[in-house]
Amino acid sequence: MSRDTYKYHFKKGNQIIHTGITNDLERREQEHKRDLGGNGHIKKVGYVTTRDAALKWENGQAKRGKPTRKSLVRKSAK
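Just so it is clear, the model here is predicted, and its values are computed rather than measured. (Residues numbered from 1 in each chain as written. Predicted model: local features only at pLDDT ≥ 70, side-chain atom pairs only at ≥ 80, totals over all residues. Heavy atoms only, no water.)

Undergrad: Got a sec to walk through the pattern of salt bridges? Specific residues and values, please.
TA: Applying the stated criterion across every chain yields a total of 3 salt bridges. A salt bridge links Arg27 to Glu31; the nearest nitrogen and oxygen atoms lie 3.0 Å apart. Here the residue Arg27 and the residue Glu31 both occupy positions in helix H1 (residues 25-36), the gap between them amounting to 4 residues, near one helical turn. Taking the relative accessible area as the measure of exposure, Arg27 reaches 37% and is therefore partly exposed. The salt bridge involving Arg34 is made with Asp35; its shortest N-O contact spans 3.0 Å. Each member of the pair, Arg34 as well as Asp35, is classed as exposed. Within this structure, Arg27, Arg28 and Glu31 form a network of salt bridges that share partners. (Salt bridge = Lys/Arg side-chain N within 4 Å of Asp/Glu carboxyl O. Helix = DSSP H or I, 4+ residues; strand = E, 2+ residues; numbered from the N terminus. Buried < 20%, exposed > 50% of the residue type's maximum accessible area, 1.4 Å probe, protein only.)

Undergrad: Tell me about the sheet that holds strand E3 (residues 41-49), residues and numbers included.
TA: Taken in spatial order, the 3 strands line up as E2-E1-E3 in an open sheet, and their pairing is antiparallel. The open sheet is flanked by strand E2 (15-22) and E3, the only strands paired with a single partner. Adjacent strand axes in the sheet meet at a mean angle of 20°, parallel and antiparallel pairs treated alike. Strand direction decides the pairing type here: strand E1 (residues 5-12) and E3, joined by 6 bridges, are antiparallel. Within E3, the residue paired with Thr5 across the bridge is Thr49. Running at roughly 155° to E2, helix H2 (residues 51-63) makes contact with E1, E2 and E3 of the sheet. (Pairing = 2+ DSSP bridges. Axes fitted to C-alpha atoms, helices over the stretch in contact; angles between N-to-C directions. Contact = heavy atoms within 4.5 Å.)

Structure below.
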């Protein structure tokens, strides 16, 4: 397995708006700025890793109450 996946927090100031994983931080930051507000930024968390390991991390973040794509899907469904 290749290590090609980044873990990140998209932040506005010191507040975490979204927690996620991607293989392209610059592209993902632009998507978040478009969808979540233009004044945020991505903060890389840890080192580049495998997709499987990154997904486990993301699921752990969701269990800890961090905003993830699962919480965004739930909000948009309401």
